[in-house]
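One letter stands for each residue in the lines below.
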Amino acid sequence: MIIQVPTEIVPLDTLLPDEPLLMMGAGPVPIPERVAAANSIVINHLGETMSQVIEQVKSMSRYVFQTESQHILGVAGPGSAAMEMAIVNIVTPKMKVLSICNGFFSKRLAEMAERNEANVVCMDVPDGQTASVVEVEKYLIKHKPQVVTIVQGETSNTVFNRYLPEICELAKKHECLTIVDAVCTLSTMPLDMDGWEVDAVITGGQKGLSSIPGVSLVAFSEVAWEHISARTDRLRHWCLDAILADQFWYKKAYHYTAPVSGILAMHEALRLICIETLEKRFDRHLRCSTAIQDGMEAMGLTLFVKPEARLNSVIGICVPEEIPANTLLKHMSDNYRVEISGSFGLNMVRIGQMGEQSHEHHLFRTLHALGSSLKTLGMIVNLPAGMAVLESKL
Ligand SMILES: *Cc1c(COP(=O)(O)O)cnc(C)c1O
């Protein structure tokens, strides 16, 4: 043997912090104990137990997505794999696609459609704004797309597409199939797949659902499924082929070895949502997110997006120019064991309000860590006022 055993390897304990960091960024988010426990189990991927688990995952997903769809599929992969699964199965080469682009993730959908050789038109929404229904209609009339892609929440710059229901309705009127990315929003705010007649909804594990990263879900409507089933060309993606995935998810047959532990974790995450109920979960997210937003403003901070277009699931906070965002993140992590996110190029930081992040005790710790760190780094903030407002709004 030429390659020797590496000598520099240390045990994981040495790498991990003594005290777990509180994950309050744009994902992954903390997971409940039951989700973590489920994630440590391996079972037969084709046995009777697994098939019961899959049945329950599908029926709980129908509740969470608010759909009667018989075409909910899991995918071994990140949220992006679910995005790609929706795109490559619905979008055929040369198809006309309208991508409503608010930022990084909505552009990723456009790029995926382009790579799939679609004829993609991007509607670039001005920074910090929600996509306008009137603008979308102009694009629909002018370009006559067959597919529309859109994000419910643009995690990258914390913009919320408030008019998603109206846009989906309009897209239907223009005979488009709609693909909605709900990775950061599903189960944190209303999304009515059947009511809004959405043809594909995508979510990941590690954000709104508070499960582990690496197992994602995509739900197709009956209309989308007819379109997919009627395709005569052969998909280039074997793993992401929805017809092959249907073998595992509906016919108890083998496609690829399912990520059993991750699916068990997803099962528990979905079950906790069912126990909580969507109504209570939406209320909790709204109450927590607005309380911490008000607390930050009372402290003297400026939020990145104006209220009318602001996403509640991930909040963007402007950082004064003299304090590099990375310095702030490091200070919060080193001194308070609270992790939040930077952003792609902008001098702002992002705090998540997804799933397990939206609990009162996490809010106090996070807001204090943020305010106190900014103060140490030289910004004038009114920390007591911020904490008091948070307390009174909860
Ligand atoms: C995080 C995210 C994605 C991508 O998910 P990955 O798991 O990182 O691939 C896509 N869309 C939105 C809106 C997201 O927040």
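Only a predicted model underlies this, so the values are computations on that prediction, with no experimental measurement involved.

Listed as buried for helix H8 (residues 222–229) are Ala224, Trp225 and Ile228. Down the axis of H8, the buried set is contained in an arc of 100°. They therefore lie on one face. Here the buried face of H8 lies against strand S2 (72–76), helix H4 (79–90), strand S8 (177–181), strand S10 (215–220) and helix H9 (242–251).

A separate point is the site of the ligand. Around the ligand, the surrounding shell holds 13 residues, and the nearest of these are Ser80, Thr155, Asp181, Gln206 and Lys207. Within the backbone of Gly79, an N or O atom sits 2.8 Å from an oxygen atom of the ligand. Within the contact set of the ligand, an oxygen atom lies 2.3 Å away from a side-chain nitrogen or oxygen of Thr155. Secondary-structure elements contributing two or more residues to the shell around the ligand are H4 and helix H5 (104–115).

This brings us to the packing of aromatic side chains. To describe a pair of aromatic rings, you give the distance between the ring centres and the angle between the ring planes. Under the criterion given, the structure shown has three aromatic pairs. When the ring of Phe104 is compared with that of Phe105, the centres are 5.3 Å apart and the planes differ by 85°; the resulting orientation is edge-to-face. Its relative accessible area of 37% is what places Phe104 among the partly exposed residues. Residue classification places Phe105 among the buried positions, given a relative accessible area of 15%. Pairing Phe220 with Trp225 gives two aromatic rings, centres 6.0 Å apart and planes at 50°, and the pair type is tilted. Phe220 sits in the buried class, given a relative accessible area of 0%. Classification of Trp225 as buried rests on a relative accessible area of 9%.

A few words on the domain arrangement of the protein. When the domains of the protein are assigned, the result is domain 1 (12–28 + 278–393) and domain 2 (41–275). Using C-alpha coordinates to define each centre, domain 1 is positioned 28 Å away from domain 2. The partner domain 2 presents 29 residues to the 27 residues of domain 1 that form the contact. Summed over both sides, the interface of domain 1 with domain 2 buries roughly 2100 Å², with 63% coming from carbon and sulfur. At the surface where domain 1 touches domain 2, the tally comes to zero salt bridges. On the surface where domain 1 and domain 2 come into contact, there are 10 residue pairs in polar contact (both at pLDDT 80 or more). Ranked by residue count, the leading element in the side of domain 1 that touches domain 2 is helix H11 (residues 278–299), at five residues. Considered class by class, the residues forming the side of domain 1 that touches domain 2 number 14 nonpolar, seven polar and six charged.

With that out of the way, let us pick up the side chain of Arg284. Structurally, the position occupied by Arg284 is in helix H11. The class for Arg284 is buried, based on a relative accessible area of 9%. The contacts of Arg284, once residues within four sequence positions are left out, are Glu276, Gly355, Ser358 and His359.

Put simply, Gly27 and Pro28 share a cis peptide bond, and its omega is 0°. Mapped onto the secondary structure, Pro28 falls in the loop between strand S1 (22–23) and helix H2 (33–38). For Lys144, which is not a glycine, the phi torsion comes out positive at approximately 45°. For Lys144, the position within the fold is in the loop between helix H6 (133–143) and strand S5 (147–151). Note on Lys144: relative accessible area 61%, which makes it exposed. Positive phi values are uncommon outside glycine, yet Thr158 reaches one of about 60°. Relative to the helices and strands, Thr158 resides in the loop between strand S6 (153–154) and strand S7 (159–160).

Taken together, Glu68, Glu166, Glu169, Asp192, Asp194 and Glu197 make up a surface patch of like negative charges. Take Glu166: it is sitting in helix H7 (residues 164–173).

Moving on, we come to the pattern of salt bridges. It is possible for side chains of opposite charge to pair when their charged atoms get near one another. Under the criterion given, the structure shown has 16 salt bridges. As a salt-bridge pair, Asp294 and Lys393 come within 3.2 Å of each other at their nearest N and O atoms. Remark: Lys393 occurs in helix H14 (residues 383–393) and Asp294 occurs in helix H11; sequence separation between them is 99 residues. Look at Asp294 and you get partly exposed, because its relative accessible area is 27%.

Formed by 86 residues in total, the largest nonpolar core has its most connected members in Leu73, Ile90, Ile100, Ile202, Phe220 and Ile263. Counting residues per element, this core draws most heavily on H4, at eight residues. The contacts of Ile90, once residues within four sequence positions are left out, are Met95, Val147, Leu177, Ile179, Ala200, Phe220, Ala224, His227, Ile228 and Arg231. Membership of the second largest hydrophobic core comes to 31 residues, among which are Leu303, Val319, Met332 and Ile351.

What counts, and at which threshold
- Along each chain, residues carry numbers from 1 onward, in the same order as the chain's sequence is written.
- Where totals are concerned, whole chains, interfaces and linings use all residues; where local detail is concerned, this predicted model gives features only for residues with pLDDT of at least 70, and gives and counts side-chain atom pairs only at 80 or more.
- Only hydrogens and water are set aside when side-chain values are computed; all heavy atoms of the structure are taken into account.
- Partly exposed describes any residue whose relative accessible area lies between the buried limit of under 20% and the exposed limit of over 50%, with all areas from a 1.4 Å probe on protein chains only and scaled to the type maximum.
- Numbering of helices and strands starts at the N terminus; helices are DSSP runs of H or I of at least 4 residues and strands are runs of E of at least 2.
- Read the arc as the range of directions from the helix axis to the C-beta atoms.
- Working rule for contacts: check all heavy atoms of both residues, and any pair within 4.5 Å makes them a contact.
- Nearness of a residue to a molecule or strand requires only that one of the residue's heavy atoms be within 4 Å of it.
- By the criterion applied in these results, polar contacts are pairs of N or O atoms within 3.5 Å in which, for protein atoms, one can donate a hydrogen and the other can accept it, and in which residues neighboring in sequence qualify only through two side-chain atoms.
- Only the six-membered ring of Trp is used, alongside the rings of Phe and Tyr, when aromatic pairs are assigned; centres must lie within 6.5 Å, and planes under 30 degrees apart are stacked while those over 60 apart are edge-to-face, with the rest tilted.
- These domain boundaries are the output of an automatic or database domain assignment.
- Take the accessible area each of two parts loses on contact, using a 1.4 Å probe, and add the two losses: that sum is the buried area.
- Should a side-chain nitrogen of Lys or Arg be within 4 Å of a carboxyl oxygen of Asp or Glu, the pair is scored as a salt bridge.
- Under the convention adopted here, Pro, Cys and the residues Ala, Val, Leu, Ile, Met, Phe, Trp and Tyr are nonpolar, Asp, Glu, Lys and Arg are charged, and Gly plus all remaining residues are polar.
- The residues that make up patches have over 30% relative accessible area and no salt bridge, and they are joined within 9 Å when like-charged or within 5 Å when they are Val, Leu, Ile, Met, Phe, Trp or Tyr.
- Note on areas: Shrake-Rupley with a 1.4 Å probe; residue coverage comes only from the protein chains shown.
- When charges are counted, neither His nor the chain ends are considered; positive counts come from Lys and Arg and negative counts from Asp and Glu.
- Charged groups are reduced to one reference atom each: NZ for lysine, CZ for arginine, CG for aspartic acid, CD for glutamic acid.
- Think of a nonpolar core as a cluster: buried Ala, Val, Leu, Ile, Met, Phe, Trp, Tyr and Cys residues, connected wherever their side-chain atoms sit within 4.5 Å.

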